[in-house]
Amino acid sequence: MTSFMPPADRIWWKVPVGREEIVWILIALTWCLIMFFMMPYWHIYGKQNLSNEAYQTTPAKFGAKVQEGIDQYKTGEEAGVPIIHPPAGSDVYMLGRLWQWWPILELEKDKTYRLHLSSMDWQHGFSVQPININMQVVPGYEMVLTVTPDQSGEYGVVCNEYCGIGHHTMVGKIYVKE
Amino acid sequence: MAQFRTCPDTGLYFHKSAESLIKANAVAAAVALLVAGLLGLLVVLTRWQAVHLLPADQFYMALTAHGIDALIFWIIFFEMAVLYVASSVLLRCRLATPAWGWVQFLLMLVGAVMTNVAIFQGSSSVMMTSYVPMQAAPHFYLGLILFAVGALIGCFIFFGTLVVAKQEKSYEGSIPLVTFGAVTAAIIAVFTIASGAIILIPTFLWSIGYIAHIDAEMYRVVWWGMGHSSQQINVAAHVAIWYLIAGLVFGARPMSEKVSRGAYLLYILFLQLACAHHILVDPGISAEWKVFNTSYAMYLAVLASMIHGLTVPGSIEVAQRGKGFNNGLFEWLRKAPWENPVFSSMFISLVTFGFLGGITGVVMGTEQINLIIHNTIYVPAHFHATVVTGTTMAFMAVTYFLIPVLFRRQMILPGLAKLQPYIFGGGMTILVLFMLGAGTLGVSRRHWDMDFTGAALGFDYPGMAYTLMGIGAFGGVIGVIGGGIFLLITVGSLVFGKKLEPSAGLLQSFGFPLAASCYTDKRPETLPRAAPLPAGHHTSSFEAPGTFVLALVLLVTFVVYYFINWKYLASVWQLS
């Protein structure tokens, strides 16, 4: 019962450690190192990584970029939200605000886009479903994701950072066409 | 003035001031747990889509209060009690500056009430994290600041008591391992509260108009320096309780003082930047920084937890084998006192913390895997395994021990007490497992309506997501019932339990000298060092083979689950 009494040996740090503990510590340390190397490995060989690209911005500046994209590439509307079809390889702007993702994107399968995300007001969560990709969207910061949708279909963009009473109505759309 | 008593059953020694403070903090903790539990019930009954109890505004209010009352007020009040036990009681010395102890308690009490008032006034439904620029009422932040100042005072009383014990030579040799664990918790607490002060004080000033702007990303980085580190206080504290209970129930001694203390040292050295894994999908934070901080800061702490995961049950196994439970790999475990809630609650805490909380935490804290988990309900599932079945069950276990020893009351409803850890642990485990599943299907955390009623553009979750959320919520209801039984038994024992005076002979003595339970001014004898190991003991063989096998099972589960998640990640859209 030495756990709540002073150690039996005065110089307890010189008591030899049991083999079992040494073996386990070596196994656990090895595993921790493997987990460490998986992250740089995935940066080199994996296909799902976040870029380091982000800029400080303001709602006014970012909002103007979004509007520019809508003016150039608008193809229609759904429930009052503009749908844009930007060319493959281009810079695509999408904003989050209380309580909308704006605009709706129409992308082409297997084409690569530079998707810029920011918030006009509070923090939001960019959660593409059902594929389940999740990003934090923070006001004052513009994050750039280089994204290549490789499955076609209709995707919901759920807000998964709490943003007030209408949070649950904040759903956007991304269409990926063949 | 008569200030000291020796427990006539266990020989544990109490300074009256410490005793009163332990009781006050434990009772405040129990009240916070009651409030948090009731709010938790409302939350699960709302997220159970078939029930969908509360309207949106009340749901977010309840969720904010649930998080703060459970994660901050319940746990930190209890940790104050743990610090007083680990210093004054275990070291058999007077408490340093008892009057400041009451300042600690009152500041925390005022802070807790103030923040709750702010939330229930309805103007501060900002969640526990209170991410700016969403703003709460000023007294929401002020209450948290006062609470933190109180907790900081508690830490310094703890350190002061260690100094007193050393100077007055109340013990021989080094401090006990349990106290060492509490020192770890208190050191991390000081760092944590410093991070909290750096971010909450400016945020408070912003809420009353003295500061114009708080950068949202800076807030996230610094806030998590508090938010995550505070969870490491819990880990350090509940691991100390695991060791304590292994000692109390089995007479277990640590397998190696050096290894266990070294593991605690890893917590102190490598936890402070573990906040990094909350901001893995945030803008403006480089991959190198994320990889470095999640790996060096987190994995060396993970290593420490994996070590405790072996040494705690290992010490129990060695003690049990010493008593003759030597058949096969697991007789020591089968013959453990499963009907004793002190043990069963602690053991469920150990297993669920490792298998559920630990593994999921490391997986979602991996830089790239976080992409498929961030802000889904997987996240609360993970931390319910760490702080509910992990920390809370460890605290419940030690409470069952303290009722007869500290409060000198016989526990009421002993039959129900035997079952309580299984009801609570079982219910919460169901909640955790099924919410993990729902999270992998993309169900969002902190979200009132997975049907998105009223949204211009909708989205339909798969039917399975609803099923998983329903079963998880059902588990949550069972868990709340288990928590209610815990409070019924503990509070009921304080009120209705038979007084155990002078000695009921019900409890195990630990070989300390016993005395009548009345207050005297006689100081106890110096706490001696533990008895040396019996002759012929050698450490070169495997002393705890059963535990080693269990540890390997944990490792295999961990490895398999870890790579399954990489596989799942590889199936989503390409991002660079």
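Engineer: How do you make sense of the overall build of chain A when you look at a structure like this?
Structural biologist: When helices and strands are tallied, chain A shows two helices and 12 strands. Helices and strands appear in chain A in the N-to-C order α-β-α-β-β-β-β-β-β-β-β-β-β-β. For 178 residues, the compact-globule estimate of 2.2 N^0.38 gives 16 Å, and the C-alpha radius of gyration of chain A, at 24 Å, exceeds that figure by more than 25%. Its C-alpha atoms give chain A principal-axis dimensions of roughly 80 × 40 × 30 Å. Here the analysis covers contacts within chain A between residues at least 6 apart in sequence; of these, 57% occur between residues at least 24 apart. As displayed, chain A offers around 7,000 Å² of accessible surface, 58% of which is attributable to carbon and sulfur atoms. Charge centroids of chain A, computed over 13 positive and 18 negative side chains, lie 6 Å from each other.

Engineer: Before we go on, may I ask you to explain the overall build of chain B in this structure?
Structural biologist: Across its full length, chain B holds 14 helices and three strands. Taken against the 2.2 N^0.38 rule, which gives 25 Å for 576 residues, the C-alpha radius of gyration of chain B at 24 Å falls within 12% of a compact globule. Seen along its three principal axes, the alpha-carbon backbone of chain B occupies a region of about 75 × 55 × 45 Å. A total of 576 residues make up chain B; the buried ones form 63% of that total. Of the contacts formed within chain B by residues at least 6 apart in sequence, a portion of 84% connects residues at least 24 apart. Surface exposure of chain B reaches about 19,300 Å², of which carbon and sulfur atoms provide 72%. The distance from the centre of the 28 positive side-chain charges to the centre of the 23 negative ones in chain B is 11 Å.

Engineer: Just checking my understanding: could you explain the domain arrangement of chain B for this structure?
Structural biologist: Reports often express the size of an interface as the amount of accessible area lost when the parts come together. All names here are of chain B. When its domains are assigned, chain B resolves into domain 1 (1-175), domain 2 (176-336) and domain 3 (343-452 + 459-521). If you average the C-alpha positions of domain 1 and of domain 2, the two centres end up 18 Å apart. With 31 residues of domain 1 at the interface, the matching set in domain 2 holds 32 residues. Carbon and sulfur atoms supply 79% of the area that domain 1 and domain 2 bury against each other, a total of about 2,800 Å² over both sides. Together, Tyr-131, Val-132 and Ile-175 form the three largest contributors to the area buried by domain 1 at its contact with domain 2, with a combined 23%.

Engineer: Sorry, what's going on with unusual backbone geometry here?
Structural biologist: A negative phi holds for most residues other than glycine; trans holds for most peptide bonds. Here the amide bond leading from Trp102(A) into Pro103(A) is cis, since omega sits at -5°, within 30 degrees of zero. Examined against the element boundaries, Pro103(A) turns out to sit in the loop between β5 (100-102) and β6 (104-108). At the junction of Val132(B) and Pro133(B), the peptide bond is cis and its omega measures out at 5° in the coordinates. Phi is positive for Asp110(A), close to 65°, though the residue is something other than glycine. Here Asp110(A) is to be found in the loop between β6 and β7 (113-119). A residue is classified by how much of its surface remains accessible, and Asp110(A), at 47% relative accessible area, is partly exposed. The phi dihedral of Met127(B) is positive, around 70°, even though this residue is not glycine.

Engineer: Just to check I follow, could you spell out the interface of chain A and chain B for this structure?
Structural biologist: The partner chain B presents 118 residues to the 87 residues of chain A that form the contact. Taken together, both faces of the contact between chain A and chain B bury some 9,200 Å²; the carbon and sulfur share is 67%. Per-residue buried area on chain A facing chain B is highest for Phe4(A), Glu20(A) and Trp24(A); these three make up 10% of the total on that side. At the junction of chain A with chain B, the criterion picks out one salt bridge. Here Glu161(A) and Arg446(B) are joined by a salt bridge, their closest N and O atoms 3.5 Å apart. Summed over the shared surface of chain A and chain B, the number is 43 residue pairs in polar contact (both at pLDDT 80 or more). Every element with two or more residues in the side of chain A that touches chain B is listed here: α1 (19-45), β1 (54-56), β8 (124-129), β9 (133-137), β10 (141-148), β11 (153-159) and β12 (171-177) of chain A. Counting residues per element, the side of chain A that touches chain B draws most heavily on α1(A), at 19 residues. Class assignment for the residues of the side of chain A that touches chain B results in 53 nonpolar, 24 polar and 10 charged.

Engineer: Could you clarify how one ought to interpret the pairing of β10(A) in this entry?
Structural biologist: Across the eight residues of β10(A), eight count as buried, placing the element largely inside the fold. Pairing of β1(A) with β10(A) involves three bridges; the strand directions are antiparallel. Among the inter-strand pairings, Tyr55(A) is bridged to a residue of β10(A), identified as Glu142(A). When β7(A) meets β10(A), the two strands line up antiparallel, connected through five bridges. Counterpart to Arg114(A) in the pairing with β10(A) is Thr146(A). In the sheet, β10(A) pairs with strand β3 (residues 574-575) of chain B via two bridges, with the strands oriented antiparallel. Paired with Val147(A) across the strands is Leu575(B), a residue of β3(B).

Engineer: Sorry if this is basic, but what is going on with the pairing of β7(A) here?
Structural biologist: In regular strands, side chains alternate between the two faces of the sheet. Residues and elements named next belong to chain A. Where burial is concerned, most of β7 is hidden: six out of the seven residues are buried. Relative to β7, strand β4 (residues 91-97) is paired through six bridges, and the arrangement is parallel. Residue Gly-96 lies in a different strand from β7, and its bridge partner there is Ser-119.

Engineer: Is there a simple way to think about helix α11 (residues 378-405) of chain B in this case?
Structural biologist: Because an α-helix completes one turn every 3.6 residues, residues spaced three or four positions apart along the sequence face the same direction. Taking 1.5 Å per residue, 28 residues should reach 40 Å; α11(B) reaches 39 Å between its end C-alpha atoms and fits that length. The element α11(B) is extensively covered by neighbouring structure, given that 27 of its 28 residues are classed as buried.

Engineer: For this particular structure, what's the right way to read the sheet that holds strand β3 (residues 81-84) of chain A?
Structural biologist: Strand pairing in a sheet is mediated by backbone hydrogen bonds. Such pairs are either parallel or antiparallel. Residues and elements named next belong to chain A. Sheet architecture is open: seven strands sit in the order β2-β3-β6-β12-β11-β8-β9, paired in mixed fashion. Either end of the sheet is taken by a strand with one partner, and the two such strands are β2 (74-78) and β9. Going from strand to strand, the sheet's axes swing by 20° on average, the running direction of each strand aside. Examined bridge by bridge, β8 and β9 share five bridges and lie antiparallel to one another. Among the inter-strand pairings, Val-128 is bridged to a residue of β9, identified as Ile-133.

Engineer: What am I meant to see in the packing of aromatic side chains here?
Structural biologist: Two numbers describe a pair of aromatic rings. These are the distance of the centres and the angle of the planes. Applying the stated criterion to the full structure yields 41 aromatic pairs over all chains. Look at Trp24(A) and Phe548(B): their rings are 6.4 Å apart centre to centre, the planes differ by 80°, and that puts the pair in the edge-to-face class. A residue pair is termed interchain when its members come from two chains, as with Trp24(A) in helix α1 and Phe548(B) in helix α14 (residues 545-570). Taking 4.7 Å as the distance between ring centres and 40° as the angle between the ring planes, the aromatic pair formed by Trp42(A) and Trp566(B) counts as tilted. Of this pair, Trp42(A) sits in helix α1 while Trp566(B) sits in helix α14, which puts the two residues in different chains. Classification of Trp42(A) by relative accessible area gives buried; the value is 10%. A residue is classified by how much of its surface remains accessible, and Trp566(B), at 3% relative accessible area, is buried. The ring of Tyr175(A) carries Lys177(A) above its face, with NZ or CZ at 5.7 Å from the centroid. Cation over ring: Arg220(B) sits above Tyr131(B), and NZ or CZ is 4.6 Å from the ring centre.

Engineer: Before we go on, may I ask you to explain the nonpolar core in this structure?
Structural biologist: Across soluble globular proteins, nonpolar side chains show a tendency to be buried alongside one another. One finds Phe126(A), Met135(A) and Tyr267(B) to be the most contacted residues of the largest nonpolar core, which totals 255 residues. Residue contacts for Tyr267(B): discarding those within four places in its chain leaves Thr184(B), Ile188(B), Val235(B), Ala236(B), Val239(B), Ala301(B), Ala304(B), Ser305(B) and His308(B).

Engineer: Where do I start with the packing of helix α10 (residues 341-364) of chain B against helix α12 (residues 414-440) of chain B in this structure?
Structural biologist: Two packed helices can be described by the angle between their axes and the distance between those axes. All names here are of chain B. For the pair α10 and α12, the least separation of the axes is 9 Å and the interaxial angle reads 10°. Compared by their axis directions, α10 and α12 come out roughly parallel. Contact residues: α10 offers Pro-341, Ser-344, Ser-345, Ile-348, Thr-352, Leu-356 and Thr-360, while α12 offers Ala-417, Pro-421, Tyr-422, Gly-425, Thr-429, Val-432, Leu-433 and Leu-436. Looking at side-chain class alone, the contact of α10 with α12 contains nine nonpolar, six polar and no charged residues.

So, how was this worked out
- Residues numbered from 1 in each chain as written.
- Chains lettered and ligands numbered in written order.
- Predicted model: local features only at pLDDT ≥ 70, side-chain atom pairs only at ≥ 80, totals over all residues.
- Heavy atoms only, no water.
- Helix = DSSP H or I, 4+ residues; strand = E, 2+ residues; numbered from the N terminus.
- Rg over C-alpha atoms; globule rule 2.2 N^0.38 Å.
- Contact = heavy atoms within 4.5 Å.
- Areas by Shrake-Rupley, 256 points an atom, 1.4 Å probe, with all protein chains shown as cover.
- Lys, Arg positive; Asp, Glu negative; His and termini not counted.
- Charge placed at Lys NZ, Arg CZ, Asp CG, Glu CD.
- Buried < 20%, exposed > 50% of the residue type's maximum accessible area, 1.4 Å probe, protein only.
- Domains from an automatic or database assignment.
- Buried area = accessible area lost by both parts, 1.4 Å probe.
- Salt bridge = Lys/Arg side-chain N within 4 Å of Asp/Glu carboxyl O.
- Polar contact = N/O pair within 3.5 Å; in protein donor to acceptor, adjacent residues only side chain to side chain.
- Nonpolar A, V, L, I, M, F, W, Y, C, P; charged D, E, K, R; others polar.
- Pairing = 2+ DSSP bridges.
- Expected span 1.5 Å × (residues − 1).
- Axes fitted to C-alpha atoms, helices over the stretch in contact; angles between N-to-C directions.
- Phe/Tyr/Trp six-rings, centres within 6.5 Å; stacked < 30°, edge-to-face > 60°.
- Lys NZ or Arg CZ within 6 Å of the ring centre and 35° of its normal.
- Core = buried A, V, L, I, M, F, W, Y, C linked by side-chain atoms within 4.5 Å.
- Parallel < 35°, antiparallel > 145°, perpendicular 65-115°, else oblique.

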